[in-house]
Amino acid sequence: MTLVEFAFAKDTDNFALAYISDAHIQNIKGSEFVRNWDRGLIRAVAETNLLNPPPDFVMFGGDLAQLGTKAELDHGAEILAALHAKVYYVAGESDYYLDLGDYWSRLFGPQWYSFDHKGVHFVVLNSVLTYEDWTFKRWPTAEQRMREMALLDNPNGSPFMVGEKQRAWLADDLKKVRRNTPVVVFSHSPLQKIYRLWNFWTEDADEVQALLKPFDKVTVIYGHVHQIQYNQIGHISFHSVMSTAWPFPYPQSYAQAESYLPKLTVPMNRADPFFERDGTGWQFVNLATGNADIYYNLYNNAPRNVAFNPATGQPEDTTYQASDTRTAPQQHY
Amino acid sequence: MTKRSRWIRIAPWALCAALVWQSAAADEFTQEDLQRWKAQYVSVVQAGRALWTDRKLGTNGVTCAQCHPNAANTHPETYPKFQKQLGRVVLLWEMINWCLRNPLEGKALAADDPNMIALQAYVTDERRGVPLDPGKH
């Protein structure tokens, strides 16, 4: 969960938003759900309601469900309904591939849209689309299609993409935005390429970045990866949010594969499996300067600060530093 | 030279060559054996991969692969080691049983259960090539 604070010249224009992501509410049978994932989301909702200043609105970053069923989406929506603030939603692959977003859209509305709030232009994308053949022709049932896409390390999966139609919509949407307006984009998958086989990846990330390139200050905030990542490409800062359910390993911990984890990213410590909330902490994001400074509250580890360094023009960990002068984080197994 | 004396002169050489040939052949595995053993190994690794993604392995539908894609962050090369959360030195299968009981809300498996052997075969196969480092934290 993340608190994003925006500060402006006039104090009355300042505002904050909270970010909750990747709850993976999982139905066992009937009205039984996996307790651990439920507790993570319930805790995030409770803590969000206690935030001071109270957020103007809450973003939910996708993967509310594990297998996209009505039972899971309804149960997740019921937990989120306890939030005091208005909620905006991003669709994740685990919400989408059972009925291609039909029930999700009935609950939460359109899958891509934009809005303006106190001088910031916000864009929400559905970045988990994929090739039509895979979506419509490959699988005998919708349930199997959903299971195949929900399995992160599945060689039968397919890479995520925003797609031509949505990119055309984005280009059109951005026409009316001034170049010096801060733009914040929310997507489920990283709009950058890190590791394809786990879909820490968006196939048309380069094309989406090209559309965002003209703007002075762009921040992309994404879920899906269940871990701390950050990067800078031109004027675009990238930040991931953690999951309320469980942390993922970093791709380079898989010995048989090569990944492109951003050079800037200092990995977080490996979570202690015996403490079920470890590695699922929450973040405060301060956008007072128009760039994101992020404070990570990690339940079982020292807090971390990743702040935009104006001298180098990139986000850097204030304790663990940039890659060439880095103090390594703990590397325990 | 008689036919018999020629045979005597050749015999030691022939005997030596035969011995060399025999000793080299005695310890060689046949391609057939190697292929059979490899197939046995691969089938157990594949059974382990199937269990890794099996929603029925525990009782709540949670799979090993949800937290450990490609068995990452399992570090089979570091066992046996002192597992601080269990308070003693354990092998990998005991840690797997912790996961079966807790996140998967299922039952522990015996050390020699074919499913436990398959799970460990899969985890170790995904970590192939990494040097052994027992006791590492």
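Predicted, not measured: the structure shown is a model, and the values here were computed from it.

Caption draft 1: Here's a closer look at the overall build of chain B. What chain B contains, in helices and strands, is 5 helices and 2 strands. Evaluated residue by residue, chain B yields a buried proportion of 28% over its 137 residues. In chain B, 61% of the contacts between residues at least 6 apart in sequence involve partners at least 24 apart.

Caption draft 2: Summary view of the overall build of chain A. Looking only at helices and strands, one finds 8 helices and 16 strands in chain A. Taken over C-alpha atoms, the radius of gyration comes to 19 Å for chain A, in line with the 20 Å a tight globule of 333 residues would show. Referenced to the eigenvectors of the C-alpha coordinate spread, the extents of chain A come out at roughly 55 × 50 × 40 Å.

Caption draft 3: Focus on the nonpolar core. With 105 residues, the main nonpolar core has Phe60, Val185 and Val220 of chain A together with Leu119 of chain B as its most contacted residues. The greatest single-element share of this core, amounting to 6 residues, is contributed by strand 2 (residues 15–20) of chain A. Residue contacts for Val220 of chain A: discarding those within four places in its chain leaves Val185, Ser187, Leu191, Ile236 and Phe238 of chain A.

Caption draft 4: Local environment of the packing of helix 2 (residues 31–52) of chain B against helix 5 (residues 114–126) of chain B. Residue and element names in this part refer to chain B. Relative orientation of the contacting elements helix 2 and helix 5 amounts to 95°, with a least axis distance of 7 Å. Relative to helix 5, the element helix 2 is oriented roughly perpendicular. Between helix 2 and helix 5, the residues in contact are Val44, Val45, Ala47, Gly48, Arg49, Leu51 and Trp52 and Asn115, Ile117, Ala118, Leu119, Ala121, Tyr122 and Asp125, respectively.

Caption draft 5: Quick look at the sheet that holds strand 7 (residues 113–117) of chain A. Residue and element names in this part refer to chain A. A sheet is described by the order of its strands in space; here 6 strands give the open sequence 7-8-9-10-12-11, paired in mixed fashion. The open sheet has two edge strands with one neighbour each: strand 7 and strand 11 (230–233). Shown here is a sheet whose adjacent strand axes are inclined to one another by a mean of 20°, direction ignored. Pairing analysis gives 4 bridges linking strand 11 to strand 12 (residues 236–240), with the strands arranged antiparallel. Bridging across to strand 12, Gln232 finds its partner in Ser237.

Caption draft 6: Geometry of the interface of chain A and chain B. Contacts between chain A and chain B engage 19 residues on the former and 22 residues on the latter. Grouping the constituent residues of the side of chain A that touches chain B by class yields 12 nonpolar, 5 polar and 2 charged.

Caption draft 7: The pairing of strand 6 (residues 86–89) of chain A, seen in detail. Residue and element names in this part refer to chain A. Looking at chain direction, strand 5 (residues 57–60) and strand 6 are connected through 4 bridges and run parallel. In the strand pairing of strand 6, Phe57 is matched with Lys86. With respect to chirality, the unit in which strand 5 leads through helix 2 (residues 70–80) into the neighbouring parallel strand 6 is right-handed.

Caption draft 8: Region of interest: the environment of Gln166 of chain A. Residues and elements named next belong to chain A. You can see Gln166 is positioned in helix 7 (residues 164–175). Sequence separation between Gln166 and Asn126 is 40 residues; the distance between their C-alpha atoms is 8.2 Å. Look past the residues within four positions of Gln166 in its chain and what remains in contact with it is Trp112, Leu125 and Asn126.

Caption draft 9: Region of the structure containing the pairing of strand 5 of chain A. With 4 bridges joining them, strand 2 of chain A and strand 5 of chain A adopt parallel strand pairing. Within strand 5 of chain A, the residue paired with Tyr19 of chain A across the bridge is Met59 of chain A.

Caption draft 10: Region of the structure containing the environment of Asn102 of chain B. Relative to the elements of secondary structure, Asn102 of chain B occurs in the loop between helix 4 (92–101) and helix 5. Each C-alpha atom of the pair Asn102 of chain B and Gly58 of chain B lies 9.2 Å from the other, and the pair is 44 residues apart in sequence.

Caption draft 11: Up close: unusual backbone geometry. Look at the link from Tyr79 of chain B to Pro80 of chain B: it is a cis peptide, with omega at 0°. Locating Pro80 of chain B in the fold gives a position in the loop between helix 3 (64–67) and strand 1 (81–83). We note that Asp63 of chain A has phi near 55°; this positive angle belongs to a residue other than glycine. Position of Asp63 of chain A among the secondary structure elements: in the loop between strand 5 and helix 2. By the C-beta count within 10 Å, which is 29 here, Asp63 of chain A ends up buried. Even without glycine at this site, Glu105 of chain B takes up a positive phi of about 45°. Within the secondary structure, Glu105 of chain B sits in the loop between helix 4 and helix 5. Glu105 of chain B sits in the partly exposed class, given 16 other C-beta atoms within 10 Å.

Caption draft 12: Examining helix 5 of chain B more closely. Compared with an ideal rise of 1.5 Å per residue, which puts 13 residues at 18 Å, helix 5 of chain B spans 18 Å between its outermost C-alpha atoms and is within 8% of the ideal. Considered for burial, the residues of helix 5 of chain B that qualify are Met116, Ala118, Leu119, Gln120, Tyr122, Val123 and Glu126 of chain B.

Caption draft 13: Just the confidence of the model for chain B, in detail. Residues and elements named next belong to chain B. Put simply, chain B has an average pLDDT of 88, and 82% of its residues get 70 or more. By mean pLDDT, the top-scoring element of chain B is helix 5 (98), and the lowest-scoring one is helix 1 (residues 3–26) (55). Model confidence for the complex is summarised by a pTM of 0.90, with the ipTM given as 0.91.

Caption draft 14: Broad picture of the packing of helix 4 of chain B against helix 5 of chain B. Residues and elements named next belong to chain B. Where helix 4 meets helix 5, the closest approach of the two axes is 10 Å, and the angle between their N-to-C directions is 105°. Relative to helix 5, the element helix 4 lies roughly perpendicular. Judged by residue contacts, Leu92, Trp93 and Ile96 of helix 4 engage Met116, Leu119, Gln120 and Val123 from helix 5. Across the contact of helix 4 with helix 5, the residue classes tally to 6 nonpolar, 1 polar and no charged.

Caption draft 15: Molecular detail of the environment of Lys193 of chain A. Residues and elements named next belong to chain A. Position of Lys193 among the secondary structure elements: in the loop between strand 9 (183–187) and helix 8 (205–212). Note on Lys193: 15 C-beta atoms within 10 Å, which makes it partly exposed. Taking the C-alpha atoms as reference points, Lys193 and Ala205, 12 residues apart in sequence, are found 7.0 Å from one another. Excluding residues that lie within four positions of it along the chain, Lys193 makes contacts with Trp201, Ala205 and Tyr260.

What counts and how
Residues numbered from 1 in each chain as written. Chains lettered and ligands numbered in written order. Predicted model: local features only at pLDDT ≥ 70, side-chain atom pairs only at ≥ 80, totals over all residues. Helix = DSSP H or I, 4+ residues; strand = E, 2+ residues; numbered from the N terminus. Buried ≥ 20, exposed ≤ 12 C-beta atoms within 10 Å, placed from the backbone. Contact = placed C-beta atoms within 7 Å. Rg over C-alpha atoms; globule rule 2.2 N^0.38 Å. Core = buried A, V, L, I, M, F, W, Y, C linked by C-beta atoms within 7 Å. Axes fitted to C-alpha atoms, helices over the stretch in contact; angles between N-to-C directions. Parallel < 35°, antiparallel > 145°, perpendicular 65-115°, else oblique. Pairing = 2+ DSSP bridges. Nonpolar A, V, L, I, M, F, W, Y, C, P; charged D, E, K, R; others polar. Right-handed = clockwise from strand over helix to strand, strands pointing away. Expected span 1.5 Å × (residues − 1). pLDDT = per-residue confidence, 0-100.

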